[in-house]
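Fold and geometry: a report
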Amino acid sequence: MTNEEGSPTNEIAGLRAALAALSERVRQLEDHLEITQLVAQYGPSVDSGSAAATAKLWTDDGIFDAVGAITMRGQQQIAGMVAGQGHQNLIINGCGHVLTVPHVEIDGDTATGRSYALNIRWDADTDRFWVARVSANTWTWRRTADGWRIAERVNANLDGTPEHRAMLAPER
């Protein structure tokens, strides 16, 4: 084998480099898909009252900070919120947590992102749904042995508070 341009050695090296580049691109796509699917699971799991399934979306030590309301640390506290009377009253009376597709930035085994969340509730007296809350969300995800999980979610009402609005700003 020679090392001249167009030689079989160069051709094989080029194919290996192309395969490595494609493999990395596929991994990035798979990571983005897994993270967006993780976020998409939140609404249905929390609105069905599935406390364990909701908690498993987070890492064991994950944080869910509903700014101004409650900060939950760890899967047990997150499951407790879902099973708690306050949340159960919401879903019994008709409530949907609708999350937008997050903007995701992946850096190795961690990722960050931002998105919106809407809390939509049923009003039986007027026979209609209404938007009870729109919030900004920042996310940190971590790759684990079980796949991507939420390490931290900060959820803050878009009530005019400048800091909450700033959560949606692109990273600079």
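Anything mentioned here points back to the structure above.
Let me sum up the structure you'll find in this document. (Residues numbered from 1 in each chain as written. Predicted model: local features only at pLDDT ≥ 70, side-chain atom pairs only at ≥ 80, totals over all residues. Heavy atoms only, no water.)

Side note on the nonpolar core
Formed by 23 residues in total, the largest nonpolar core has its most connected members in Ile35, Tyr42, Trp58, Ala111, Trp141 and Ile150. Top contributing element to this core by residue count: helix H1 (residues 8–47), with five residues. Contacts of Ile35, omitting those with residues within four sequence positions, involve Val104, Ile106, Ala111, Trp141 and Trp148. One finds Ala136, Val154, Met167 and Leu168 within the second-largest nonpolar core, a separate group that totals five residues. (Core = buried A, V, L, I, M, F, W, Y, C linked by side-chain atoms within 4.5 Å. Buried < 20%, exposed > 50% of the residue type's maximum accessible area, 1.4 Å probe, protein only. Helix = DSSP H or I, 4+ residues; strand = E, 2+ residues; numbered from the N terminus. Contact = heavy atoms within 4.5 Å.)

A word on the pairing of strand S1 (residues 58–66)
With five bridges joining them, S1 and strand S7 (residues 147–157) adopt parallel strand pairing. In the sheet register, Phe64 faces S7, and the bridge partner there is Arg153. Pairing of S1 with strand S2 (residues 70–73) involves four bridges; the strand directions are antiparallel. Bridge pairing in S2 places Ile63 opposite Arg73. The hairpin turn running from S1 into S2, its antiparallel successor, is three residues long, and Gly68 in that turn takes a positive phi close to 85°. (Pairing = 2+ DSSP bridges.)

Digging into the packing of aromatic side chains
One pass over the full model with this rule turns up five aromatic pairs. Residues Tyr42 and Trp58 carry aromatic rings whose centres are separated by 6.0 Å and whose planes lie at 75° to one another, so their mutual orientation is edge-to-face. Here Tyr42 is found in helix H1, whereas its partner Trp58 is found in strand S1, with 16 residues between them in sequence. For the ring pair Trp139 and Trp141, a centre distance of 5.6 Å and an interplane angle of 10° mean the geometry is stacked. Each member of the pair, Trp139 together with Trp141, is buried. Chaining the aromatic ring pairs together yields one cluster made of Tyr42, Trp58 and Phe64. One cation-aromatic arrangement involves Arg153 over Tyr42; the distance from NZ or CZ to the ring centre is 4.6 Å. (Phe/Tyr/Trp six-rings, centres within 6.5 Å; stacked < 30°, edge-to-face > 60°. Lys NZ or Arg CZ within 6 Å of the ring centre and 35° of its normal.)

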